[in-house]
Amino acid sequence: MLRWGLRREWGIPPQSRPPGARDAQRRRPWPPRRDDSRAPYCAEEAEALFGQSLEIARRQEAKTFELRAATSLARLWQRQGKRDAARALLAPLYAWFTEGFDTRDLVEAKALLEELA
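Presented here is a report on the structure given in the accompanying data block. Here the structure is a predicted model, which is why all the values come from computation and not from measurement.

Conventions we followed
Residues numbered from 1 in each chain as written. Predicted model: local features only at pLDDT ≥ 70, side-chain atom pairs only at ≥ 80, totals over all residues. Heavy atoms only, no water. Salt bridge = Lys/Arg side-chain N within 4 Å of Asp/Glu carboxyl O. Helix = DSSP H or I, 4+ residues; strand = E, 2+ residues; numbered from the N terminus. Core = buried A, V, L, I, M, F, W, Y, C linked by side-chain atoms within 4.5 Å. Buried < 20%, exposed > 50% of the residue type's maximum accessible area, 1.4 Å probe, protein only. Contact = heavy atoms within 4.5 Å. Polar contact = N/O pair within 3.5 Å; in protein donor to acceptor, adjacent residues only side chain to side chain. Phe/Tyr/Trp six-rings, centres within 6.5 Å; stacked < 30°, edge-to-face > 60°. Expected span 1.5 Å × (residues − 1).

**Observations regarding the pattern of salt bridges**
Taken as a whole, this structure holds 7 salt bridges when the rule is applied. Between E66 and K63 there is a salt bridge, with its nearest N and O atoms 3.7 Å apart. Taken together, the positions of E66 and K63, both in helix 4 (residues 63–79) and 3 residues apart, correspond to about one turn of that helix. Across the salt bridge formed by R75 and E108, the nearest N and O atoms sit 3.7 Å from each other.

Written out as structure tokens, the structure is:
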């Protein structure tokens, strides 16, 4: 991109906006506004999606992805007051791992298990 001074010297007309700037103005705001009327439905939908993620990870025998989905679902259940179910889901998965305890997924799972204890 040429600086304004060089554009003026070379006789290049200034561009008021870079390409795509107008499209960016039409996009939805981020983060999206929270609609409290949908909150119960969002929790149900999130629970269903986390359940699907768990099923897919189990089918593929991908323990790391299973742990991620289980941690997310356990965190949701913790917020809903289902602490026993969250611990029952997460504890056996965490116990399956024998190494890599410094990875982010296992650190988060351990921290959540300690909160659920």
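Let's pick the thread back up.
**A look at the nonpolar core**
The biggest cluster of nonpolar side chains holds 19 residues, and the ones touching the most others in it are L54, L67, A70, L73, L89 and L90. Sorting elements by how many residues they give to this core places helix 4 first, with 7 residues. Those residues in contact with L90 that lie beyond four places of it in its chain are L67, A70, T71, A74, A109, L112 and L113.

**A closer look at the side chain of D105**
With respect to the helices and strands, D105 occurs in helix 6 (residues 104–116). In this structure the side chain of D105 is engaged in a polar contact, spanning 2.9 Å, whose partner is the side chain of R68. Residues contacting D105, with those up to four places away along its chain left out, are T64, L67 and R68.

**Details of the packing of aromatic side chains**
Aromatic rings considered in pairs are described by the distance between their centres and by the relative angle of their planes. Going through the model one piece at a time under the given rule, you end up with 2 aromatic pairs. With centroids separated by 5.1 Å and ring planes inclined at 85°, the aromatic side chains of W96 and F97 adopt a geometry described as edge-to-face. By relative accessible area, F97 is classed as buried at 12%.

**Concerning helix 4**
End to end, helix 4 covers 24 Å across 17 residues, agreeing with the expected 24 Å (1.5 Å per residue, within 8%). Where helix 4 ends, the next residue or the one after it, G81, has phi of about 90°, a positive value.

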